[in-house]
Amino acid sequence: MNQATLILIKPDGLKKSLTGNILTRLSETKLEIVAAKIVRVSDELARKHYYHLKDKPFFEDLIKYIKGEFHGRRKVMALVYWGESAIEKCRALAGATNPEEAEATTIRGAYGRITTSGVYENVIHVSANEAEAEREIKLWFQPDEIIVDLYPTKEIIEKEKKVRVWA
Ligand code: DAT
Ligand code: MG
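In what follows, the accompanying structure is described. Every chain is numbered on its own, with residues counted from 1 as its sequence reads. Whichever chain is written first becomes A and whichever ligand is written first becomes 1, with later ones labelled in order. Local features in this predicted model are restricted to residues of pLDDT 70 or higher, and side-chain atom pairs are both shown and tallied only at a pLDDT of 80 or more, whereas totals for entire chains, interfaces and linings draw on every residue. Note that the side-chain values use all heavy atoms of the structure and ignore hydrogens as well as water.

Describing the site of ligand 1
Around ligand 1, the surrounding shell consists of Lys10, Tyr50, His52, Leu53, Phe58, Leu62, Arg91, Thr97, Arg108, Gly118, Tyr120 and Asn122. Any pair of nitrogen or oxygen atoms within 3.5 Å is treated as a polar contact; in protein, a donor-acceptor pairing is required on top of that, and neighbouring residues in sequence qualify only through side-chain atoms on both sides. Take threonine 97: an N or O atom from its side chain is 2.5 Å from an oxygen atom of ligand 1. One of the side-chain N or O atoms of asparagine 122 is found 2.8 Å from an oxygen atom in ligand 1. The accessible surface values rely on the Shrake-Rupley method and a 1.4 Å probe; as for residues, cover is taken only from the protein chains in view. If ligand 1 stood free it would expose 520 Å²; the protein chains cover 79% of that surface. A 1.4 Å probe that fits but cannot get out identifies a cavity on a 1 Å grid over protein atoms alone, an open set with protein on both sides within 12 Å along at least five of seven lines counts as a pocket, and a residue lines either if it has an atom within 4 Å of a point. In this scheme, a molecule is assigned to a cavity or pocket if more than half of its atoms are within 2 Å of the grid points. Mapping ligand 1 onto the cavity grids shows that it belongs to the second largest pocket. Ten residues, namely Ala, Val, Leu, Ile, Met, Phe, Trp, Tyr, Cys and Pro, are considered nonpolar, four, namely Asp, Glu, Lys and Arg, are considered charged, and the remaining ones, Gly among them, are considered polar. In the shell around ligand 1, the residues fall into five nonpolar, four polar and three charged. Near residues are defined by distance, with any heavy atom within 4 Å of the molecule or strand qualifying the residue.

A few points about the pairing of strand E3 (residues 76-84)
Burial of E3 is extensive: seven of the nine residues sit out of reach of the surface. Strand pairing is assigned whenever DSSP identifies at least 2 bridges connecting the two strands. Put simply, DSSP H or I for four residues or longer makes a helix, DSSP E for two residues or longer makes a strand, and each gets a number counted from the N terminus. Pairing geometry for strand E1 (residues 2-9) and E3, over eight bridges, is antiparallel. By the bridge assignment, glutamine 3 is partnered in E3 with glycine 83. Looking at chain direction, strand E2 (residues 32-39) and E3 are connected through seven bridges and run antiparallel. In the sheet register, alanine 36 faces E3, and the bridge partner there is leucine 79. Buried residues are those whose accessible area, probed at 1.4 Å on protein chains only, stays under 20% of the maximum for their type, while exposed residues exceed 50% and partly exposed ones sit between those limits.

Brief notes about the sheet that holds E3
Pairing is antiparallel across the open sheet formed by four strands, whose spatial order is E2-E3-E1-E6. The open sheet has two edge strands with one neighbour each: E2 and strand E6 (124-126). Here the average twist between neighbouring strands, direction ignored, is 15 degrees. It only takes one pair of heavy atoms within 4.5 Å for two residues to be counted as in contact. Each axis is a line fitted through C-alpha atoms, taken for helices only over the stretch in contact, and angles between the N-to-C directions span 0 to 180 degrees. Packed on one face of the sheet, helix H5 (residues 86-94) meets E1, E3 and E6 and runs near 35 degrees to E1.

Dropping the structure here:
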């Protein structure tokens, strides 16, 4: 069954120049990249992305981490991978959440670490299931940024919306 999954290359992955390595590993899946961009992560986006962990003791550090506050620049690379069993394939390549427990051959096993203050710097995010993928993809991307039709859309006319354009 074709599925979509959100992939994030987290700030540690970008800081360590791992983008190429990670994309090469993900290309083993033969899945299709249907959206990609570099995102400056706002506090609101970070908190919405990880809202299900808001009661965990590590939540505030997790927010700082995904916003890039530990790695000097507020950016992550966001992609949507699409194809047969995309979630299972990408999660298998990513490895276990705890990078010390992840198989050495997985992305997290090879490149992740736990900092002395206990932050799991595990390099990559992969949606855990289809419901999470839909929620996350809609959070990180607008419909026109994705080259396939994943979810139903509608057209609206937005009035008096402040947008930034080239000067
Ligand atoms: P995953 O990223 O494998 O889907 P998750 O959704 O349970 O795992 O957690 C999201 C992120 O939160 C995870 O990538 C790293 C961090 N995290 C999870 N459990 C943690 C823990 N016990 N200590 C520190 N960070 C943790
Ligand atoms: Mg998760």
